[in-house]
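A closer look at the structure
Now for the letters of each chain:
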Amino acid sequence: HGGDHGYGNIPSLEDVIRRGQENFRQMFPSAKGGGSMLATLFAVLLLLWVVSGFYRVESDETGIELTFGKWTNEATPSGPGLHYHFPYPIGHVETPVVTRENRTTVGFSATGGNYADRNARNDVPEESLMLTSDENIVDIDFLVFWRVKDGGSYLFNIRNPDELTKKAAESVMREVVGQRPFMEVVAARADLEGQTTQRLQSLLDAYGAGVLVQNVQLLDVLPPTAEVVQAFNDVQNAQTDKQRVQNVAEAYRNRVVPEA
């Protein structure tokens, strides 16, 4: 049907049956009553084959049409609703979900959805342990939120886009962490998340993965061993107290100097 992905060019039922009967009579001109039954059966089977080309795209999906294995509606993938494409084995339709938010875990595994509870997560050290620029080790657990932005690229350009997203996210995080000292990594979480999101999106675009990275969320940025966690927390609290005292002193100076 060319570039038309609707169903306006589908022949009517009467035309399908009539053409089927005429073709059968031409092939078997001597067939009488039995031939008519066979012709009708053939026409019904042909009709069922033609009708099997209808397909529905749900509101959260996109329709990717293939003709002899080639993606033929790349310019205008099918939107939600009823559509028609060549039936199998000539045509085939894939309907990937494109609006669902997907979550990829890096540095840990979890069976439930309570990622905020560290006790509910199983640490994966080979993913979570990273080296900072001042040669300290930091243990990072984070999430990547993403969705499909190009259904065809997601299906055909990368063999396993979900696994690619995970590996690329880990690689980008290691690169970003490796350019910063330990204290900057643990203190500038928002900047770390933003830079990782931006670099990860650029990398996936270069691969043509068809993935849109919505954001990266850090869950934990900690020293690698439990023995030093308390000391680390004490340092963090001291840094916070130092900043608070400095702010109070600065406010006092700004008040008394003009008075003096």
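Use the structure listed above.
1. Some remarks on the packing of helix α5 (residues 161-178) against helix α7 (residues 189-207)
In helix packing, the relevant descriptors are the interaxial angle and the interaxial distance, both defined with respect to the helix axes. Viewed as axis vectors pointing N to C, α5 and α7 meet at an angle of 130 degrees, and their least axial separation amounts to 9 Å. One finds that α5 runs oblique with respect to α7. Pair α5 / α7 crosses with right-handed handedness. Along the contact surface, α5 presents L164, T165, A168, A169, V172, M173, E175, V176 and V177, while α7 presents L192, Q195, T196, R199, L200, L203, L204 and Y207.

2. Overview of the pairing of strand β10 (residues 137-148)
Taking burial as the measure, the 12 residues of β10 include 10 buried ones, the bulk of the element. Here strand β6 (residues 102-106) pairs with β10 via 5 bridges, running antiparallel. By the bridge assignment, T105 is partnered in β10 with L143. Pairing geometry for strand β9 (residues 129-131) and β10, over 3 bridges, is antiparallel. Paired with L129 across the bridge in β10 is D139. The hairpin turn running from β9 into β10, its antiparallel successor, is 5 residues long, and E135 in that turn takes a positive phi close to 65 degrees.

3. Re the sheet that holds strand β2 (residues 64-67)
With antiparallel pairing, 3 strands are arranged side by side in an open sheet as β3-β2-β5. Since the sheet does not close on itself, it has two edges, and those belong to β3 (70-71) and β5 (91-94), each with one partner.

4. Some thoughts on the nonpolar core
I140 and F142 are the most contacted members of the largest nonpolar core, which has 30 residues in total. Sorting the residues of this core by element identifies β10, α5, α6 (182-187), α7 and β11 (211-222) as the ones contributing at least two each. The biggest single contributor to this core is α5, with 7 residues. Beyond its immediate sequence surroundings of up to four residues, I140 is in contact with V106, G107, S128, M130, V177, V185, L218, D220 and V221. If you look at the next biggest cluster of nonpolar residues, it comprises 5 residues, including F108, Y115, F145 and L219.

5. With respect to the pattern of salt bridges
For the structure shown, the criterion picks out 10 salt bridges. In this structure, the salt-bridge partner of K166 is E127, at a minimum N-O distance of 3.4 Å. With K166 in helix α5 and E127 in helix α3 (residues 125-128), this residue pair connects regions lying 39 residues apart in the sequence. For the pair K166 and E127, one class covers both residues: buried. Here E163 and K167 are joined by a salt bridge, their closest N and O atoms 3.9 Å apart. Of this pair, E163 and K167 both sit in helix α5, 4 residues apart, which is roughly one turn of the helix. Each of the salt bridges in this network shares a partner with another, and the network as a whole consists of R121, D141 and D220.

6. Some details on the side chain of E170
Summarising the element assignment, E170 is placed in helix α5. Taking the relative accessible area as the measure of exposure, E170 reaches 12% and is therefore buried. Residues within four places of E170 in sequence aside, it is in contact with V106, E126, E127, M130 and F142.

What counts and what doesn't
- Residues numbered from 1 in each chain as written.
- Predicted model: local features only at pLDDT ≥ 70, side-chain atom pairs only at ≥ 80, totals over all residues.
- Heavy atoms only, no water.
- Axes fitted to C-alpha atoms, helices over the stretch in contact; angles between N-to-C directions.
- Helix = DSSP H or I, 4+ residues; strand = E, 2+ residues; numbered from the N terminus.
- Parallel < 35°, antiparallel > 145°, perpendicular 65-115°, else oblique.
- Left-handed = near helix turned anticlockwise from the far one by under 90°.
- Contact = heavy atoms within 4.5 Å.
- Buried < 20%, exposed > 50% of the residue type's maximum accessible area, 1.4 Å probe, protein only.
- Pairing = 2+ DSSP bridges.
- Core = buried A, V, L, I, M, F, W, Y, C linked by side-chain atoms within 4.5 Å.
- Salt bridge = Lys/Arg side-chain N within 4 Å of Asp/Glu carboxyl O.

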